[in-house]
Amino acid sequence: MRLTVYLAGEIHSSWRDEIKKKSLALDLPIDFVGPMEDHDRSDNIGEEILGEQPGAVFKDAAASSFNNLRTSVLMEKSDLVIALFGEQYKQWNTAMDASAALASHKPLIVIRPEKLHHPLKELSQKANATVETCDQAIKALSYIFD
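Residues numbered from 1 in each chain as written. Predicted model: local features only at pLDDT ≥ 70, side-chain atom pairs only at ≥ 80, totals over all residues. Heavy atoms only, no water.

## Let's talk about the nonpolar core
Moving on, step 1. The biggest cluster of nonpolar side chains holds 18 residues, and the ones touching the most others in it are V5, I19, I82, I111 and L141.
Moving on, step 2. Counting only elements with at least two residues in this core, the list comes to β1 (3-9), α1 (15-25), β2 (30-33), β3 (80-84), β4 (108-111) and α6 (134-145).
Moving on, step 3. At four residues, α6 tops the list of elements feeding residues into this core.
Moving on, step 4. With residues up to four places along the chain from it excluded, the contact list for I19 reads L7, F32, I111, C134, A137 and I138. (Core = buried A, V, L, I, M, F, W, Y, C linked by side-chain atoms within 4.5 Å. Buried < 20%, exposed > 50% of the residue type's maximum accessible area, 1.4 Å probe, protein only. Helix = DSSP H or I, 4+ residues; strand = E, 2+ residues; numbered from the N terminus. Contact = heavy atoms within 4.5 Å.)

Right under this line is the structure:
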């Protein structure tokens, strides 16, 4: 059995690489997908596809429609979602992706530091599992195959 796991969360750190490397080291049969990690491409995809837009709001709206399309397709094809809430960046997209996973009845693992326990308490109660580190998330993935 192979699983496809959608990695939702901020794109400015290497947490996805950590998850992928540790999963590979354990020989877990997992394929990983996630949001566009090239921030400039994500911001500019609307104009890349549709051409120049008349202003910043239109540019953002165009990019958002294609980013949402990408996320919807990849999340729908995923077996499980891991959503990382870090301390450094705003996490609106992560919250949106975690909520979409729950609405789609996708199993959800939330990674969040203890410091974010209170603001994420309702989401954590709806998730299948909440952990504090990427290592704990890998252990949860590994347990699926035991």
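The rest of the description comes next.
## Let's talk about the pairing of β4
Moving on, step 1. Of the two faces of β4, the one carrying L108 and V110 and the one carrying I109 and I111 are both buried.
Moving on, step 2. By the bridge criterion, four bridges tie β3 to β4 in an arrangement that is parallel. The residue of β4 that forms the bridge with I82 is I109.
Moving on, step 3. Crossover connection from β3 via helix α4 (residues 92-103) to parallel β4: handedness right-handed.
Moving on, step 4. Handedness of the crossover joining β4 and strand β5 (residues 129-131) through helix α5 (residues 121-126): right-handed. (Pairing = 2+ DSSP bridges. Right-handed = clockwise from strand over helix to strand, strands pointing away.)

## Notes on the sheet that holds β1
Moving on, step 1. On the basis of which strands lie adjacent, the open sheet formed by five strands has the order β2-β1-β3-β4-β5 and parallel pairing. Unpaired on one side and paired on the other, β2 and β5 mark the two borders of the sheet. Going from strand to strand, the sheet's axes swing by 20° on average, the running direction of each strand aside.
Moving on, step 2. Relative to β3, β1 runs parallel, the two being bridged by five bridges. Along β3, the bridge assignment pairs V5 with L80. (Axes fitted to C-alpha atoms, helices over the stretch in contact; angles between N-to-C directions.)

## Focus: α1
One turn of an α-helix holds 3.6 residues; hence residues three or four places apart share an orientation.
Moving on, step 1. Turning to α1, its buried residues are W15, R16, I19 and S23. With its buried residues spanning 105° around the axis, α1 presents them on a single face. Across α1 from its buried face, at more than 90 degrees, point the exposed residues K21, L24 and A25.
Moving on, step 2. Next to the buried residues of α1 lie β1, β2, β3, β4 and α6.
Moving on, step 3. Positioned one or two residues after α1, D27 has a phi angle of 60°, which is positive. (Arc of directions from axis to C-beta.)

## With respect to the packing of α1 against α6
Each pair of packed helices can be described by the angle between their axes along with the distance between the axes.
Moving on, step 1. Here α1 crosses α6 at 40°, and the two axes come no closer than 10 Å. Taken together, α1 and α6 sit at an angle that is classed as oblique. Here the hand of the crossing between α1 and α6 comes out right-handed. Of the residues in α6, those in contact with W15, E18, I19, K22 and S23 of α1 are C134, D135, A137 and I138.
Moving on, step 2. The residue makeup of the contact of α1 with α6, split by class, is five nonpolar, one polar and three charged. (Parallel < 35°, antiparallel > 145°, perpendicular 65-115°, else oblique. Left-handed = near helix turned anticlockwise from the far one by under 90°. Nonpolar A, V, L, I, M, F, W, Y, C, P; charged D, E, K, R; others polar.)

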